[in-house]
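# Close look at the chain arrangement
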Amino acid sequence: MIPGTTTRSVAPGSNAELAESIVAHEWSQFQRVNNEGGPASCQSNWPVFHQMRLSQFLAWPRDLLTSYAHDLEAAERSGRNLLTEKYARMMESTVPDEFHRSIEPYIPKISAARQARQERIIVMQLGWAQDFMQRYRALGASMRTLRSADDTAETTSFESYLRGELGTYSEATLALYESMMQRLIERGSNLTESIVLNTMRMAGYSTLQEAEQALEQGDRS
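To start, this report covers the structure provided alongside it. Quick caveat, the model's predicted, so the values are computed rather than measured. (Residues numbered from 1 in each chain as written. Predicted model: local features only at pLDDT ≥ 70, side-chain atom pairs only at ≥ 80, totals over all residues. Heavy atoms only, no water.)

## Some thoughts on the overall build of the chain
Cut-off, in case you're wondering: Strands here mean DSSP runs of E at least two residues long; helices mean DSSP runs of H or I at least four residues long; both are numbered from the N terminus. Just to be clear, the radius of gyration here is over C-alpha atoms, and the globule rule we use is 2.2 Å times residues to the power 0.38. Any two residues having at least one pair of non-hydrogen atoms within 4.5 Å are treated as being in contact. In these tables, accessible area is a Shrake-Rupley quantity obtained with a 1.4 Å probe, and a residue counts as shielded only by the protein chains included in the view. We treat Lys and Arg as the positive residues and Asp and Glu as the negative residues; His and chain ends play no part in the count. Think of each charge as sitting on NZ of Lys, CZ of Arg, CG of Asp or CD of Glu.
Across its full length, the chain holds 11 helices and 0 strands. Tracing the chain from N to C terminus, the helices and strands come up as α-α-α-α-α-α-α-α-α-α-α. Its C-alpha atoms give the chain a radius of gyration of 17 Å, within 12% of the compact-globule value 17 Å for 221 residues. By principal-axis analysis of the C-alpha atoms, the chain measures approximately 50 × 40 × 40 Å. Across the chain, every contact between residues at least 6 apart in sequence was considered, and the portion connecting residues at least 24 apart equals 70%. A total of about 11,500 Å² of accessible surface is found on the chain, and carbon and sulfur atoms cover 52% of it. Across the chain, the 22 positively charged side chains and the 28 negatively charged ones have centroids separated by 4 Å.

Put into C-alpha cells, the structure is as follows:
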C-alpha cells in the first residue's frame, strides 16, 4: 500500500476513537510477539501498522468493534496474546511442519463447526478481494497475494492472514462479524473496497480512482 498517514481529529465516544484504542491495544500485543531471529522490522513500524489496522476497523460497525475490544481485554486478563496466536495460526500454511510440531499443541483448538463458519467468511472475502483487484489493478498489485496456495515461509497471502485472524475471535465477535458480512451482501457492498478506501484516505487521497491514477502514473514514470 501507499505509505503515509494524515492528521485526523477523533471525536470522543465515536467509532473512530474506539477503533484507535483497538489499534493501540493490538500494537501493545504486537510488541510482545516473539519472532525467530529477533523482532521483525514491521514490529517497529507504527505508522504502517496504524494505517493498515485502522483502515480495517473503521469499516466495522460499533457492536463488532466493542466485542473485539472485549476480546483483547479478556486475552490480557487470561495471559493470552491474540496477535501471537494470529501469526502462529498463519504458520499452518507458511511453514506447516513447524506449525504442527511446535505451535499447534499450544494454541486453542478450533472445532470443525467453527472452522466451517470461518471458511464461509473467507470464501466471501476472497471474492470481494478478487473483484476489487480486477477493477483497481494498480492498487490490487500492491496488495497481498490472494491464495494460501501461494504462501511461502517469507510471504503470507490474504487468505491465510484472514484465516489466522478469524481464528482469534471469540464466538460473540465471530457472530457479529458474520452479521456484518450478511448486511454487506444484502447492500451489495464490498468490504475490501471499503478498507482500501480508508487506507487511501489516510494516505491523502480522496477517492480510489485518484489513488489508482497516481499509482498508474508512478508506474509509467
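## Details of the packing of helix 4 (residues 82-94) against helix 5 (residues 96-103)
Short version of the rule: Each axis is a line fitted through C-alpha atoms, and for a helix only the stretch in contact is used; angles between axes span 0 to 180 degrees, taken between their N-to-C directions. What sets the label is the angle itself: under 35 degrees gives roughly parallel, over 145 gives roughly antiparallel, 65 to 115 gives roughly perpendicular, and the rest give oblique. Rotating anticlockwise by less than a right angle from the far helix to the near helix defines a left-handed crossing, while the corresponding clockwise rotation defines a right-handed one. Three classes are used, and their members are as follows: Ala, Val, Leu, Ile, Met, Phe, Trp, Tyr, Cys and Pro are nonpolar, Asp, Glu, Lys and Arg are charged, and the others, Gly among them, are polar.
The contact between helix 4 and helix 5 brings their axes to 6 Å, and the two run at 135°. One element, helix 4, and the other, helix 5, form an angle in the oblique class. You can see that helix 4 and helix 5 cross each other, and the crossing is left-handed. Here Ala-88, Arg-89, Met-91, Glu-92, Ser-93 and Thr-94 of helix 4 come into contact with helix 5, specifically with Pro-96, Glu-98, Phe-99, His-100 and Ile-103. Each residue belonging to the contact of helix 4 with helix 5 can be placed in one class, and the counts come to 5 nonpolar, 3 polar and 3 charged.

## Examining the packing of helix 4 against helix 8 (residues 158-166)
Between helix 4 and helix 8, the shortest axis-to-axis distance is 8 Å and the interhelical angle comes to 135°. By the angle class used here, helix 4 and helix 8 are oblique. Like other packed secondary-structure pairs, helix 4 and helix 8 cross with a definite hand, here right-handed. Contacts between helix 4 and helix 8 pair Lys-86, Tyr-87, Arg-89, Met-90 and Ser-93 from the former with Ser-160, Tyr-161, Gly-164 and Glu-165 from the latter. By residue class, the composition of the contact of helix 4 with helix 8 is 3 nonpolar, 3 polar and 3 charged.

## Let's talk about empty space enclosed by the protein
Selection criterion: Note on definitions: the grid is 1 Å and covers protein atoms alone; a cavity is a set of points where a 1.4 Å probe fits but cannot get out; a pocket is an open set with protein on both sides within 12 Å along at least five of seven lines; lining residues have an atom within 4 Å of a point. Grid points are joined across faces, edges and corners, and a volume is the space filled by probe spheres set on the points.
Counting across every chain of the model gives 1 cavity of 30 Å³ or more. Size it by volume and the largest cavity reaches roughly 30 Å³. Forming the walls of the largest cavity are Glu-26, Arg-53, Tyr-68, Leu-82, Leu-83, Lys-86, Glu-165 and Thr-168. Broken down by element, the residue count for the lining of the largest cavity peaks at 3 residues, all from helix 4. When its residues are assigned to classes, the lining of the largest cavity shows 3 nonpolar, 1 polar and 4 charged.

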